[in-house]
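# Inside the fold
Chain residues, written in single-letter form:
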Amino acid sequence: MKKIWLILLIVINIYSCVEEENYLYEGNSILAFSSEEATAEFAHDEVLEKTIMVTIQLIGQQQTTAIIANIKLDESNITSSEKKINFPSIVSIPANSSSTNFEITIYPNKFEDQEKVIATFQIEANGTNQESGVNLSKFTLNIKKLPVPDCNKDFTPYSGDYSITTGDSFGYSWSWDGRNNLPLQLDPNIINRLSSTNFYGWTDSQPVFFELSCTDNTINVIPIVGYTTSGGYTFDITGGSGTYTSQGEINVTYQCLDSTDGDFTITETYTKTGGICTVNIAQFALPYIIQTGDSFGYSWDWDGRADFTLITDPDTPLLLSNTNFYGWENTQPVFFELSCTTDVVTVVPINGYTTPGGYIFDITGGIGTYTPQGEINVTYQCSHPTDGNFTITEVYAR
């Protein structure tokens, strides 16, 4: 008898669980945008179209048939005839699925200078209870065409790796364990805006932004509402200020606000690895007239030709190479590097440099000078088992 009651009790429990699960899924599902808002900014001269990917989520039980949803522009200061944006009017969530994506395409060349557009999209679908999810079923896209920059200053040298020291008004500070490979990134559209994804010690975190002034050495912090740390702490960055130097040191104080902690500040010092270099290597990657000589007494001027080009290196910013060394056209290259702080040139050593005729020697180093006008004078130190030590000197001139 006890066994019969035990079996009956198990059946009742199983039935109760099934009933509870069914109860959880009673009622219509709702559709919602996975995010409420997005922003698209583009430069004043940008012409290529941009695409914003939007996700629609099914909240509730998956359906055995596809859900067809209408997407409409609920509120906007764009008229349909302007064709500044494009999006599908109908999307489908496949059967037994919980989401779908669609694209909003923006055409920057259709916008006026400094034009701002706010476009709010609405979901409409049959068979879903949109009334209960009305706040979730709207998506706002903020579009802005940026003005012509008020300066032509090149801020490219400020992007790259930095060492960072961090502190706050609560009394905490640290130097990131001496690391000097934490990057600041230059915005592709705003020429003087930098971002850091290593804010306050949170590596690969939500970025913070600040802009370097075009007219002086001051900095403005871009406010962020609801900045969220990797641990879930949320606060507002209400603004901030700082300074920067031509040598690559940046000091920024972020003004912050939390509902519990109140007002506080986070201050960071970014020191550029290797400093800032103002040498424009591209101005040296041009055709030259070359004069060559060596310590054996040979010399020539390459018959006055002015089409020998020095080549830049994509990975080493101040490195140049010459594939016409010592009169051997299109041969094994030699390399030298321009100093960023002086007019000195340093030759890169090569073991076993081989000429087209099979003569092998070592380039052990070398030194030279360069001028802002583009004249480079390089002496290569060489060594050969039979010929001993000797030099090859070349002058590259415009």
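Remember, predicted model here, so these are calculated numbers, not experimental data. (Residues numbered from 1 in each chain as written. Predicted model: local features only at pLDDT ≥ 70, side-chain atom pairs only at ≥ 80, totals over all residues. Heavy atoms only, no water.)

On to the sheet that holds strand S1 (residues 30–33). Read from one edge of the open sheet, four strands run S1-S3-S7-S5, paired in antiparallel fashion. Looking at which strands have only one partner, the edges of the open sheet turn out to be S1 and strand S5 (85–86). As paired elements, S5 and strand S7 (residues 99–106) share two bridges and run antiparallel to each other. Its bridge partner being in S7, Ile85 is matched across the sheet by Ile106. (Pairing = 2+ DSSP bridges. Helix = DSSP H or I, 4+ residues; strand = E, 2+ residues; numbered from the N terminus.)

The next subject is the confidence of the model for the chain. Of the residues in the chain, 88% have a pLDDT of 70 or more, and the chain-wide mean is 84. Between the elements of the chain, mean pLDDT differs from a low of 39, seen in helix H1 (residues 2–24), to a high of 97, seen in strand S29 (residues 376–384). For the stretch residues 1–27, pLDDT sits under 50, and the model shows one contact to residues farther than four places along the chain or on other chains. Low pLDDT, under 50, characterises residues 127–135; the stretch is placed with 14 contacts to residues that sit more than four places away or in other chains. (pLDDT = per-residue confidence, 0-100. Contact = heavy atoms within 4.5 Å.)

Now for the sheet that holds strand S2 (residues 37–42). Taken in spatial order, the five strands line up as S2-S9-S8-S4-S6 in an open sheet, and their pairing is mixed. The open sheet has two edge strands with one neighbour each: S2 and strand S6 (90–93). Shown here is a sheet whose adjacent strand axes are inclined to one another by a mean of 25°, direction ignored. Strand direction decides the pairing type here: S2 and strand S9 (residues 138–145), joined by six bridges, are parallel. If you follow Phe42 over to S9, its bridge partner there is Lys145. (Axes fitted to C-alpha atoms, helices over the stretch in contact; angles between N-to-C directions.)

On to the pattern of salt bridges, then. Counted under the stated rule, the structure contains four salt bridges. Lys84 serves as the salt-bridge partner of Glu115, at 2.5 Å between the closest nitrogen and oxygen. Pair noted here: Glu115 is in the loop between S7 and strand S8 (116–125) and Lys84 is in the loop between strand S4 (67–76) and S5, with a separation of 31 residues, a long-range link. The exposure class assigned to Lys84 is buried, which follows from its relative accessible area of 6%. The partner of Arg193 in a salt bridge is Glu211, and the shortest N-O contact between them spans 2.7 Å. On the criterion of sequence distance, the pair formed by Arg193 in strand S13 (residues 193–196) and Glu211 in strand S14 (residues 208–212) is long-range, its members being 18 residues apart. (Salt bridge = Lys/Arg side-chain N within 4 Å of Asp/Glu carboxyl O. Buried < 20%, exposed > 50% of the residue type's maximum accessible area, 1.4 Å probe, protein only.)

Turning our attention to the nonpolar core. Phe199, Phe210, Ile237, Ile250 and Tyr254 are the most contacted members of the largest nonpolar core, which has 30 residues in total. Listed by contribution, the elements that provide at least two residues to this core are strand S10 (160–168), strand S12 (182–186), S14, strand S15 (218–221), strand S16 (224–228), strand S17 (234–244), strand S18 (249–258) and strand S19 (262–272). Sort the elements by how many residues they give to this core and S18 lands first, with four residues. Ignoring sequence-local partners within four residues, the contact set of Ile237 consists of Phe199, Val208, Val221, Ile222, Pro223, Ile224, Tyr227, Tyr254, Gln255 and Cys256. Listed in part, the 29 residues of the second largest apolar core include Phe284, Phe308, Trp328 and Phe390. (Core = buried A, V, L, I, M, F, W, Y, C linked by side-chain atoms within 4.5 Å.)

With that settled, consider a nonpolar patch on the surface. Together, Phe170, Tyr172 and Trp174 make up an exposed nonpolar region whose accessible area comes to about 340 Å². Mapped onto the secondary structure, Trp174 falls in strand S11 (residues 173–174). (Patch = residues over 30% accessible without salt bridge, like charges linked within 9 Å, V, L, I, M, F, W, Y side chains within 5 Å. Areas by Shrake-Rupley, 256 points an atom, 1.4 Å probe, with all protein chains shown as cover.)

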